[in-house]
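Given next are the chains, with one letter for each unit.
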Amino acid sequence: QVQLVESGGGLVQAGESLRLSCAASGRTFNMGWFRQAPGKEREFVGAIRWSDAYTIYAGSVKGRFTISRDNAENTGYLQMNNLKPEDTAVYYCTAGRRLGTYDATYDYWGQGTQVTVSS
């Protein structure tokens, strides 16, 4: 069983940055990030393959968001720069044996953390 604990959400202004953390207990798996805005479907943000830190990103965040991981701490990070109001959502970290852009790819989910970007 894997437990994921997220932290780092908050309220920022457009153009500012935030870093989300996702601390994983148990085994190390690939880690994905998704977000869900009010009234919208959950969407893929990015993911990292734990073994070699290979990353994939959604087009809407590529170049602004960076995913990394700390093996020693068993923690993943989502660095979000140049935030826009349309980035406002609840952000979820996920973990699983596979790597992909669909939420069904992942087996474990964090509780979510709110990110609000004001204009």
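In the block above lies the structure referred to throughout.
Not measured: the values here are computed from a predicted model. (Residues numbered from 1 in each chain as written. Predicted model: local features only at pLDDT ≥ 70, side-chain atom pairs only at ≥ 80, totals over all residues. Heavy atoms only, no water.)

> I tried to follow the packing of aromatic side chains on my own but got confused; where do I start?
The description of an aromatic ring pair rests on the distance of the ring centres and on the angle between the ring planes. Scanning the entire structure with this criterion turns up five aromatic pairs. Seen from their ring centres, F34 and W109 are 5.3 Å apart, and the 45° between their planes marks the pair as tilted. Taken as a pair, F34 in strand β4 (residues 30–36) and W109 in strand β10 (residues 108–109) lie far apart in primary sequence, 75 residues in all. Given the relative accessible area of 2%, F34 is considered buried. Grouping aromatic residues by their ring pairs yields a cluster made of F34, F44, Y92, Y106 and W109. Over the ring of Y92 we find R42; its NZ or CZ atom is 6.0 Å from the centre of that ring. Geometry around W109 places R42 over its ring, the cationic atom sitting 4.1 Å from the centre. (Phe/Tyr/Trp six-rings, centres within 6.5 Å; stacked < 30°, edge-to-face > 60°. Helix = DSSP H or I, 4+ residues; strand = E, 2+ residues; numbered from the N terminus. Buried < 20%, exposed > 50% of the residue type's maximum accessible area, 1.4 Å probe, protein only. Lys NZ or Arg CZ within 6 Å of the ring centre and 35° of its normal.)

> Would you explain unusual backbone geometry in this entry?
Negative phi values dominate among residues other than glycine, just as trans dominates among peptide bonds. In this structure, N74 takes a positive phi of about 55° despite not being glycine. With respect to the helices, strands and loops of the structure, N74 is situated in the loop between β7 (65–70) and β8 (75–80). Within the chain, N82 stands out as a residue other than glycine whose phi angle is a positive 50°. Exposure remark for N82: the relative accessible area of 41% places this residue in the partly exposed category.

> How should the pairing of strand β11 (residues 113–118) be read in this particular structure?
Each regular strand displays side chains that alternate between the two surfaces of the sheet. Judged by which residues are buried, β11 turns out to be one-sided: T113, V115 and V117 face inward and are buried, whereas Q114, T116 and S118, on the alternate face, are not. Sheet topology places strand β2 (residues 10–13) next to β11; four bridges connect them, and they run parallel. Paired with Q13 across the bridge in β11 is S118. Pairing between strand β9 (residues 89–96) and β11: three bridges, direction antiparallel. Bridge assignment links V90 to a residue of β11, and that residue is Q114. (Pairing = 2+ DSSP bridges.)

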